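Take a look at the letters that make up each chain.
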Amino acid sequence: MSIEVRIPTILRTYTGGEKAVEGDGATLSELIADLESRHPGLRARLIDDKGLRRFVNVYLNDEDVRFLGGLETEVADGDNITVLPAVAGGADTPVSG
Amino acid sequence: MRYDSLLDSVGRTPLVGLPRLSPGPDVRLWAKLEDRNPTGSVKDRPALWMVEQAEKDGLLRPGCTILEPTSGNTGISLAMVARLKGYRLVCVMPENTSSERRQLLEMWGAEIVSSPAAGGSNEAVRVAKALAEDHPDWVMLYQYGNPANAESHYATTGPEILEDLPSITHFVAGLGTTGTLMGVGRFLRERVPGVQIVAAEPRYGELVYGLRNLDEGFVPELYDESVLTTRYAVGPRDAVRRVRELLDNEGLFVGISTGAILHAALGVAARAVQDGQRADIALVVCDGGWKYLSTGAYAGTLDDAEARLEGQLWA
């Protein structure tokens, strides 16, 4: 039983440089607690006392968890979680050449 | 259709059905062709509204300088509007912006200030804010926080879509400044009970996010989470795949961000089919594919295209 969690570059100091780690839990909150047990310090970078940090976006199978159940979003074996920093972007941002 | 000038012809774009990509008669996709605006993108609407609002507010007077952190479509739209209305335009853009864009902006008379590539749009915003402090007489319209951006869509894009598609159940658009989603979303929510407002945001390669500090992220001031039903992150591979499907099946040649929007719209459509629900899904075609040919997204295999887009801000 495991859920893959993709970690952004900036947080890989907590995962020994790993781009993705695996964890367990029935909810996102439990999953993050499980990750914290092996990657101490990670949890505090994702969550503060109000919930998910403002500039942290977490996606369950590409859908923003803020629109699912937040930290109580149910997760299951085989799901993919992606953590990304919030950036400016969209139809107006540049394409490099 | 006849208009007094190019500026008068902004908006009133066609809404066309996508019969081959729609799952069936009960779940249909409709594309709002914003590439049919004067400079070829949806950004003509907010550019014109922001300028005209600043004129009404007395901020912009003939000969004024407009400053904006943009390298993309908003810059091109503002350059056209500024030229026709007699303003000087200074655009702040990341130095890794494509040469086509620089050329387009310069042709319309815009001046360009480069910001470091590493910081992407966040850095361009920061540099522009610093320039604004140094030049208090310059007017920064600031599309990420200017209510006129969303209002342009509330007043024009939203009503046009509802008029053409009264049976609309879902609206899907890209999430950048969030102006389109906030404006159209609010308009539709006031008039269509249960309408779903779905955001498609680009998920870039790792190089783009780089070592960006999680404490210094960026959320546009216009963004109001409560307007959205949900929000999907779409990677370059899916975006490019959908761009090609749209061309193959429906003959539409669109930019890469529109591929991401179509990907989210098809996901919404699949869910409606699964749930046995009727759906009329309107999605925004932000621009055509012309400006993105040099990215390599339109040639070769999907693997090739994905590799070429790594490290680029493709939407």
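Chemist: Please clarify how the overall build of chain A should be interpreted in this entry.
Modeler: The secondary structure content of chain A amounts to two helices and seven strands. Put simply, chain A runs from its N terminus to its C terminus through helices and strands in the order β-β-α-α-β-β-β-β-β. Relative to its 97 residues, chain A shows a buried fraction of 38%. Across chain A, contacts joining residues at least 24 apart in sequence account for 44% of those joining residues at least 6 apart.

Chemist: Just to check I follow, could you spell out the pairing of strand β7 (residues 170-174) of chain B for this structure?
Modeler: Side-chain direction in a regular strand flips from residue to residue, so the side chains alternate between the two faces of the sheet. All names here are of chain B. The element β7 is largely enclosed, with a buried count of five among its five residues. Of the two faces of β7, the one holding His 170, Val 172 and Gly 174 and the one holding Phe 171 and Ala 173 are both buried throughout. Here β7 runs beside strand β10 (residues 279-285); their pairing, made up of three bridges, is parallel. Paired with Val 172 across the two strands is Leu 283, which belongs to β10. Relative to strand β8 (residues 196-202), β7 runs parallel, the two sharing five bridges. Considered in β8, the bridge of His 170 is made with Gln 196.

Chemist: Is there a simple way to explain the interface of chain A and chain B in this structure?
Modeler: How big an interface is tends to be reported as the loss of accessible area on association of its parts. On the chain B side, the residues contacting the 29 residues of chain A number 56 residues. For the side of chain A that touches chain B, the secondary structure elements donating two or more residues are β5 (56-60), β6 (63-64) and β7 (80-85) of chain A. Residue contributions to the side of chain A that touches chain B peak at three residues, all from β7 of chain A. Here the residues of the side of chain A that touches chain B sort into 14 nonpolar, seven polar and eight charged.

Chemist: Looking at this model, I keep getting lost on the domain arrangement of chain B. Mind explaining?
Modeler: All names here are of chain B. Domain parsing of chain B yields domain 1 (7-36 + 157-305) and domain 2 (44-140). Between the C-alpha centres of domain 1 and domain 2 there is a distance of 25 Å. Contacts between domain 1 and domain 2 engage 11 residues on the former and 14 residues on the latter.

Chemist: Explanation requested: the sheet that holds strand β3 (residues 65-69) of chain B in the structure shown.
Modeler: Whenever strands of a sheet pair, they do so through backbone hydrogen bonds, lying parallel or antiparallel. All names here are of chain B. Overall, parallel pairing links the four strands, which are arranged β5-β4-β3-β6 in an open sheet. Each having just a single partner strand, β5 (111-115) and β6 (139-140) make up the two edges of the open sheet. Inspection of the sheet shows strand β4 (residues 88-94) paired to β5 by five bridges, in the parallel sense. By the bridge assignment for β5, Pro 94 is matched with Ser 115.

Chemist: What am I meant to see in the packing of helix α8 (residues 236-250) of chain B against helix α10 (residues 302-309) of chain B here?
Modeler: Relative placement of two packed helices is described by the angle separating their axes and the distance separating the axes. Residues and elements named next belong to chain B. Interhelical geometry of α8 versus α10 gives an angle of 130° and a closest axis separation of 9 Å. It follows that α8 is oblique to α10 by the angle criterion. Crossing geometry of α8 relative to α10 is assigned as right-handed. Along its contact with α8, which presents Pro 236, Arg 237, Val 240 and Arg 241, the element α10 presents Leu 302, Ala 305, Glu 306 and Leu 309. Taken together, the residues that form the contact of α8 with α10 break down as five nonpolar, no polar and three charged.

Chemist: Would you mind going over the packing of α8 of chain B against helix α9 (residues 256-274) of chain B with me for this structure?
Modeler: Residue and element names in this part refer to chain B. At their nearest, the axes of α8 and α9 sit 7 Å apart, and the two run at 90° to each other. Viewed along their axes, α8 and α9 adopt a mutual orientation that is roughly perpendicular. Seen from α8, the contacting residues are Asp 238, Ala 239, Val 240, Arg 242, Val 243 and Leu 246; seen from α9, they are Ile 256, Thr 258, Gly 259, Ala 260, Leu 262 and His 263. Taken together, the residues that form the contact of α8 with α9 break down as seven nonpolar, three polar and two charged.

Chemist: Whenever I open this one, the nonpolar core confuses me. Can you help?
Modeler: Soluble, globular proteins show a tendency: their nonpolar side chains are buried together. Residues and elements named next belong to chain B. Counting 111 residues, the largest nonpolar core has Val 172, Ile 261, Ala 264, Ala 265, Ile 281 and Leu 283 as the members making the most contacts within it. Counting residues per element, this core draws most heavily on α9, at 10 residues. A domain split of this core shows at least three residues from each of domain 1 (7-36 + 157-305) and domain 2 (44-140). In contact with Ala 264, not counting residues within four places along its chain, are Val 172, Val 198, Ala 200, Tyr 232 and Val 234.

Chemist: I keep staring at the pairing of β3 of chain B and nothing clicks. Help me out?
Modeler: Residues and elements named next belong to chain B. β3 sits mainly inside the fold: four of its five residues count as buried. The pairing of β3 with β4 spans five bridges and is classified as parallel. Note that in β4 the partner of Ile 66 across the bridge is Leu 89.

Procedures and definitions
Residues numbered from 1 in each chain as written. Chains lettered and ligands numbered in written order. Predicted model: local features only at pLDDT ≥ 70, side-chain atom pairs only at ≥ 80, totals over all residues. Helix = DSSP H or I, 4+ residues; strand = E, 2+ residues; numbered from the N terminus. Buried ≥ 20, exposed ≤ 12 C-beta atoms within 10 Å, placed from the backbone. Contact = placed C-beta atoms within 7 Å. Pairing = 2+ DSSP bridges. Nonpolar A, V, L, I, M, F, W, Y, C, P; charged D, E, K, R; others polar. Domains from an automatic or database assignment. Axes fitted to C-alpha atoms, helices over the stretch in contact; angles between N-to-C directions. Parallel < 35°, antiparallel > 145°, perpendicular 65-115°, else oblique. Left-handed = near helix turned anticlockwise from the far one by under 90°. Core = buried A, V, L, I, M, F, W, Y, C linked by C-beta atoms within 7 Å.

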